Amino acid sequence: MESRLRRPSHVVPSWVSQGAVFHIRIRTDKRWARSLVNEALGKAIFDSVAFYQRRLVWNCRLLLLMPDHLHALISFNPSKEMSKVVGAWKHFHVTHSSIQWQEGYFDHRIRNDDSLDEKAHYIRRNPVVLGLCDTPEDWPWVWDGGVWV
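None of these values were measured; they are calculated from a predicted model.

K.L.:
I would appreciate a short explanation of the packing of aromatic side chains in the present structure.
P.N.:
Here a ring pair, both rings aromatic, is described through the centre-centre distance and the interplanar angle of the planes. In the structure shown here, the tally under the stated rule is six aromatic pairs. Here the aromatic rings of Phe51 and Tyr52 are separated by 6.4 Å at their centres, their planes lie at 55°, and the arrangement is tilted. Phe51 sits in the partly exposed class, given a relative accessible area of 37%. Since its relative accessible area comes to 14%, Tyr52 is described here as buried.

Structure below.
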């Protein structure tokens, strides 16, 4: 019998409260040779996050770029499907920034404020754990609720 991995649907159940925050992780394709953490590409990504924020497509509380992936804490406009928003955003960067993403993305709904704080801490420590900097404050590739810090 052939085993198949089931692909996540990314459908937010109707019982999830509006404004729920999700931890989103999007990876680049392993064959893609460029890094997300360079001045031009980083700026293009942060500019697009701000554009979606101004258009009320999402409320991005935190986005951190790593060389081959990104982490974000985002709540989505309830009138838009999360999978379509993320898919459109990724497609924009395929066509305008030539980023090659892996298919799909990871999402996890944050259930309470303690979990939100823990996830934000985990995201900010990601470059430290991977040896890319000494402290979270040293990592320049962070968009923090409207500000590129």
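There is more to say after this.
K.L.:
Sorry if this is basic, but what is going on with the packing of helix α1 (residues 39-54) against helix α2 (residues 82-96) here?
P.N.:
In a pair of packed helices, the angle between the axes and the distance between the axes together describe the arrangement. One can describe the packing of α1 onto α2 by two numbers: an axis separation of 11 Å at closest approach and a directional angle of 145°. Relative to α2, α1 is oriented so that their crossing is right-handed. Contact residues: Ala44, Ile45, Ser48, Val49 and Tyr52 in α1; Val85, Ala88, Trp89, Phe92 and His93 in α2. Looking at the contact of α1 with α2 residue by residue, the classes come out as eight nonpolar, two polar and no charged.

K.L.:
Can you help me understand helix α3 (residues 113-129) in this one?
P.N.:
Along an α-helix, residues three or four apart share an orientation, since each turn contains 3.6 residues. Compared with the 24 Å implied by 1.5 Å per residue over 17 residues, the 23 Å span of α3 between its first and last C-alpha is a close match. Among all positions in α3, only Ser115, Leu116, Ala120, Ile123, Asn126, Pro127 and Val128 are buried. Among the residues of α3, the N-terminal cap falls to Asn112, whose side-chain oxygen and the backbone nitrogen of Asp114 are separated by 3.1 Å. With its phi angle positive at about 75°, Gly131 sits one or two positions after the end of α3.

K.L.:
What is the right way to look at the environment of Lys43 in this model?
P.N.:
With respect to the helices and strands, the residue Lys43 is situated in helix α1. The class of Lys43 is partly exposed, set by a relative accessible area of 43%. Between the C-alpha atom of Lys43 and that of Trp141, which follows or precedes it by 98 residues, the distance is 9.2 Å.

K.L.:
For this particular structure, what's the right way to read a nonpolar patch on the surface?
P.N.:
A contiguous nonpolar patch, built from Val129, Leu130 and Leu132 and spanning about 300 Å² of accessible area, is present on the exposed surface. Along the chain, the position of Leu130 falls in the loop between α3 and β5 (142-144).

K.L.:
Would you explain the nonpolar core in this entry?
P.N.:
What tends to happen in soluble globular proteins is that the nonpolar side chains get buried as a cluster. Within the largest apolar cluster, 44 residues are counted, with the highest numbers of intra-cluster contacts made by Ile24, Trp58, Leu63, Phe76 and Trp89. Within the residue set of this core, elements represented by two or more residues are β1 (21-27), α1, β2 (58-65), β3 (69-76), α2, α3 and β5. Apart from residues no more than four positions distant in its own chain, Leu63 is found in contact with Ile45, Phe46, Val49, Leu70, His71, Ala72, Trp141, Val142 and Trp143.

K.L.:
Teacher, can you tell me more about the pairing of β2 here?
P.N.:
As a general feature of sheets, a regular strand has side chains that alternate between the two faces. For β2, the buried fraction is high: six of the eight residues fall into the buried class. Examined bridge by bridge, β2 and β3 share seven bridges and lie antiparallel to one another. Paired with Leu62 across the strands is Leu73, a residue of β3. Hairpin geometry of β2 and β3 is characterised by an intervening segment of three residues between the two adjacent antiparallel strands. Pairing of β2 with β5 involves two bridges; the strand directions are antiparallel. Opposite Leu63, over in β5, you have Trp143 as the bridge partner.

Rules used in this analysis
- Residues numbered from 1 in each chain as written.
- Predicted model: local features only at pLDDT ≥ 70, side-chain atom pairs only at ≥ 80, totals over all residues.
- Heavy atoms only, no water.
- Phe/Tyr/Trp six-rings, centres within 6.5 Å; stacked < 30°, edge-to-face > 60°.
- Buried < 20%, exposed > 50% of the residue type's maximum accessible area, 1.4 Å probe, protein only.
- Axes fitted to C-alpha atoms, helices over the stretch in contact; angles between N-to-C directions.
- Helix = DSSP H or I, 4+ residues; strand = E, 2+ residues; numbered from the N terminus.
- Left-handed = near helix turned anticlockwise from the far one by under 90°.
- Contact = heavy atoms within 4.5 Å.
- Nonpolar A, V, L, I, M, F, W, Y, C, P; charged D, E, K, R; others polar.
- Expected span 1.5 Å × (residues − 1).
- Polar contact = N/O pair within 3.5 Å; in protein donor to acceptor, adjacent residues only side chain to side chain.
- Patch = residues over 30% accessible without salt bridge, like charges linked within 9 Å, V, L, I, M, F, W, Y side chains within 5 Å.
- Areas by Shrake-Rupley, 256 points an atom, 1.4 Å probe, with all protein chains shown as cover.
- Salt bridge = Lys/Arg side-chain N within 4 Å of Asp/Glu carboxyl O.
- Core = buried A, V, L, I, M, F, W, Y, C linked by side-chain atoms within 4.5 Å.
- Pairing = 2+ DSSP bridges.

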